[in-house]
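Given next are the chains, with one letter for each unit.
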Amino acid sequence: MSALPILIPETTTAGGFLLVLALVLPLASVFAALTLGGRNARRVVMLAIPAGLALAVAIGVELVQSGHTLVYLLGGWAPPLGIALRADGLSVVMLLTTTVVLLAVALFAYSDFQVPENGHEVRAPFMFWTLLLAVWGALNAVFLAGDLFTLYVALELLTFAGVPLVSLEGRSETLQAALRYLLFALLGSVLYMLGAVLLYGTYGTLDIALLAERVRPVPAVIAAAALMTVGLLAKTALFPLHLWLPPAHAGAPAAASAVLSALVVKGSWFLVVRLWFDVMPGVVTPSAAQLLGALGTAAIVVGSVVALRQERLKLLVAYSTVAQIGYLFLMFPLAFGSIGDVPAHGAALTGGLLQVVSHATAKAGMFMAAGLIYAALGHDRIADLAGVARAMPVTVLAFALAGLALMGVVPSGAYLAKKLMLDAADGSGQWWWVVVLQGGAVFTAGYVVLVLVSVLRSRSGSMPLVKPVSRLSELAALGLSTSSLLLAFAALGPVPGDLVSSPLAPKELGTTLAVVLGGALLALGLSRRSLFGAAPVDSAANEGALRRSVVAVGAAFELADRLIRRWQFASIGLLMLVALLGGLLVFGSPG
Amino acid sequence: MNASMLYGMCGSALVGIGLYGLIVNPQPLRKILSFNLIGSGVFLLFGVIARRGAALGMGGDPVPQALVITGIVVAFSATALAVALLLRLQEASGSATLSSPEPADPPDA
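Residues numbered from 1 in each chain as written. Chains lettered and ligands numbered in written order. Predicted model: local features only at pLDDT ≥ 70, side-chain atom pairs only at ≥ 80, totals over all residues.

A. Quick peek at the overall build of chain A. Along its length, chain A carries 24 helices and two strands. A separation of at least 24 residues holds for 83% of the contacts in chain A among residues at least 6 apart in sequence. (Helix = DSSP H or I, 4+ residues; strand = E, 2+ residues; numbered from the N terminus. Contact = placed C-beta atoms within 7 Å.)

Written out as structure tokens, the structure reads:
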């Protein structure tokens, strides 16, 4: 999907100006929103994002029609002296996903973030709408930039736009979370820049296409690859570098959480993909790719177990993001496991991309649903959610659909992604990733079942709703979840159709049931309170030894997570990962 | 040892000192300063590379210099944002520390 040939010698292609527009539109809107002020900022967003959607579609159409990468040379100067913007299949998919998710987030937040009719302008709405546009502009720059330094600047813009979203409410915990996020992200980006220096010093260019032709596994390049990759992992919050993610989500508004989890962490993930697949496929070794996959597996296990032990819905969803980020890194060992086997390479990349799109849509929908429940109840303690399903059926439906989509039930994008990655695992003989892929779905089912059982429980007495939720917000969440669940149909174009079978076919139904059942067992064992008891029972007496030991394991995971998220541990871990990855790039069997 | 070697070593030393400070200092302001130290080290390395380009017969490679200027702007903005957050944190909580990793519960409505 990504490896479209690049024209040499490179010139601006037809339709290249669309790429410039895709950068100018969001950034010009940021300025418009800033100057026109809070009341108009929302109008600017509502005009700009649909226009951006049309633009992304136009870029996609142009790409498909011309059949090669779209290029725009800034000022007509060709790299290495000039800077190129490029759009390939990867970029277009990400552009479209970003715009669709942002549109849904804007609709979701439409009534939450408005300036009071006759009041003074307030900070939160003004900043929210402006930052939403800034995130959009930074992401477009990440997807379209053609050289590693522009990517660095774009990534920094993304961080600067994402950090204030965490502390929109201005309470001291949220400020602290934002500062932690910013400092850790800066540590990551400075490592990335160090890597960029080494690459420039070796080859005299940072242009991706030129570097791809020149890189050889020499020491400076290997050091650069290790530094840049780990720096980006810190920004992506891959376990064990996720110290900033749970506190950042704990206090952020739901719309901001949706943007952070669905889009902002994907920016740096996308850059890892660019590095590994486009810049240095010749440097990457299979054992280094196995390391990324192993970190992903650890993220799935720890993130899911800790998610099951959370008392607050918002944090449960945040920890599920930690686990899902791990899922995104499983494509690396599959793609680089069997060098020379091009089909497996492509299938794993397509699978990973589908995974990202389906996670972006489903997780945004899930955060929105959790936010609506919080807004309506005034709290989101999982133990007190009984009766929510009756009071807010649309919201609960959105949550359930998002959960199904994340589990990878049949026609969801995650299902198709899993299928492609399972094929890649079979093709390259790496059976252990099959276990991880299937086990990850069971874990996901675990926390979805946990929440659904809580909200479906009936409540004696009436439901104390603090505040009615807007129907538009509910529909935005539902729309995103549904689109994630139906993604497989949209993806059928580039993917062979025989991969999708009917959701009611006995084999698929059996897998789905097994996953849900496994998840229910996990939830039963690991949840903090007993799943079906109405009241927290004085448990020690009537619980078996099995449950007690499983609970102890869960508590141990929680403790380990708390330890790993301490600053010293995480930053030393970061440096050790650089060393480990560098070692694997040197000593792993050459690719 | 020639001049670019010396500059390269200085840059690496700055990166090392900055990393040490960023890891062990608990105060956020010192972490911000340490980040700036690492940044300076990286910029110095960029300078060395520009100089090395000059050794090939060119009059100094201008591209790394352009990159350094951009990098300094980015690092300056990052520092400004971090300091602004720190000041707000000090205002809101009376203390400026990062040492409560546990996500606190929101105030009950």
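Read on, since the account is not over.
B. Examining the overall build of chain B more closely. Helices and strands together make up the secondary structure of chain B, namely three helices and zero strands. Mapped from its N terminus to its C terminus, chain B presents α and β elements in the order α-α-α. When each of the 109 residues of chain B is scored for burial, the buried share is 33%. Long-range contacts, defined here as pairs at least 24 residues apart, represent 50% of the contacts in chain B between residues at least 6 apart. (Buried ≥ 20, exposed ≤ 12 C-beta atoms within 10 Å, placed from the backbone.)

C. Representation of the domain arrangement of chain A in the model. Residue and element names in this part refer to chain A. What the domain assignment reports for chain A is domain 1 (1–114 + 123–146) and domain 2 (147–587). Centre-to-centre separation of domain 1 and domain 2, based on C-alpha positions: 24 Å. Counting residues at the interface gives 35 residues for domain 1 and 46 residues for domain 2. Going through the elements one at a time, α3 (89–109) and α4 (123–144) are the ones with two or more residues in the side of domain 1 that touches domain 2. Tallying contributions element by element places α4 first for the side of domain 1 that touches domain 2, with 12 residues. For the side of domain 1 that touches domain 2, the per-class residue count stands at 29 nonpolar, five polar and one charged. (Domains from an automatic or database assignment. Nonpolar A, V, L, I, M, F, W, Y, C, P; charged D, E, K, R; others polar.)

D. Here's a closer look at the packing of α4(A) against helix α5 (residues 148–166) of chain A. All names here are of chain A. Contact geometry for α4 and α5: axes closest at 8 Å, N-to-C directions at 160 degrees. One way to sum up the angle between α4 and α5 is to call them roughly antiparallel. For the element pair α4 and α5, the recorded crossing hand is left-handed. Together, M127, L131, A134, V135, A138, L139, A141 and V142 of α4 and L151, A154, L155, L157, L158, A161, G162, P164 and L165 of α5 make up the contact between the two elements. (Axes fitted to C-alpha atoms, helices over the stretch in contact; angles between N-to-C directions. Parallel < 35°, antiparallel > 145°, perpendicular 65-115°, else oblique. Left-handed = near helix turned anticlockwise from the far one by under 90°.)

E. Region of interest: the environment of T159(A). Residues and elements named next belong to chain A. Within the secondary structure, T159 sits in helix α5. Spatially, the C-alpha atom of T159 lies 17 Å from that of L102, the residues being 57 residues apart in sequence. Aside from chain neighbours lying at most four places away, what touches T159 is L182, A185, S189 and K235.

F. Molecular detail of the environment of G403(A). Residue and element names in this part refer to chain A. Structurally, G403 is set in helix α16 (residues 393–407). The exposure class of G403 is buried, given the 26 C-beta atoms found within 10 Å. As a C-alpha pair, G403 and V272 span 131 residues in sequence and 27 Å in three-dimensional space.

G. Looking closely at α3(A). Taking 1.5 Å per residue as the helical rise, α3(A) with its 21 residues ought to reach 30 Å, and the 30 Å between its terminal C-alpha atoms agrees with that figure. Most of α3(A) sits out of view: 18 of its 21 residues are buried. (Expected span 1.5 Å × (residues − 1).)

H. How the structure looks around the interface of chain A and chain B. Counting residues at the interface gives 40 residues for chain A and 35 residues for chain B. For the side of chain A that touches chain B, the elements supplying multiple residues, two or more each, are α5, α6 (172–203), α9 (245–251) and α24 (567–587) of chain A. Per-element accounting of the side of chain A that touches chain B gives the leading share, 17 residues, to α6(A).

I. Representation of the confidence of the model for chain A in the model. All names here are of chain A. The predicted model of chain A has a mean per-residue pLDDT of 82, with 89% of residues at 70 or higher. Helix α22 (residues 539–542) is the least confidently modelled element of chain A, averaging 49 in pLDDT, while α5 averages 92, the highest of any element. Confidence over residues 1–7 falls short of pLDDT 50; this stretch has 23 contacts with residues more than four positions distant or in other chains. Confidence over residues 534–541 falls short of pLDDT 50; this stretch has four contacts with residues more than four positions distant or in other chains. (pLDDT = per-residue confidence, 0-100.)

J. Layout of the environment of A141(A). Residues and elements named next belong to chain A. Within the fold, A141 resides in helix α4. Residue class for A141 comes out buried when judged on the 22 C-beta atoms lying within 10 Å of it. With residues up to four places along the chain from it excluded, the contact list for A141 reads L23, A154 and L157.

K. Region of interest: the nonpolar core. All names here are of chain A. In this structure, I59, V105, L132, V135, V142 and V259 are the most contacted members of the largest nonpolar core, which totals 269 residues. Mapping this core onto the domain boundaries places at least three of its residues in each of domain 1 (1–114 + 123–146) and domain 2 (147–587). Residues contacting V105, with those up to four places away along its chain left out, are L132, A255, A258, V259 and A364. (Core = buried A, V, L, I, M, F, W, Y, C linked by C-beta atoms within 7 Å.)

L. Fine view of the confidence of the model for chain B. Residue and element names in this part refer to chain B. Scored by pLDDT, chain B has a mean of 82; 83% of the residues are at 70 or more. Across residues 101–109 the pLDDT falls below 50, and counting only partners more than four positions away or on other chains, this stretch makes 14 contacts in the model. Both confidence scores are given for the complex: pTM 0.88, ipTM 0.89.

M. Inspection of unusual backbone geometry at higher detail. Residue and element names in this part refer to chain A. Cis geometry marks the peptide bond from F239 to P240; its omega dihedral reads 5 degrees. Note that P240 resides in the loop between α8 (219–236) and α9. Positive phi outside glycine occurs at A237, with the angle close to 65 degrees. Take A237: it is sitting in the loop between α8 and α9. The buried category is assigned to A237, around which 27 C-beta atoms lie within 10 Å.

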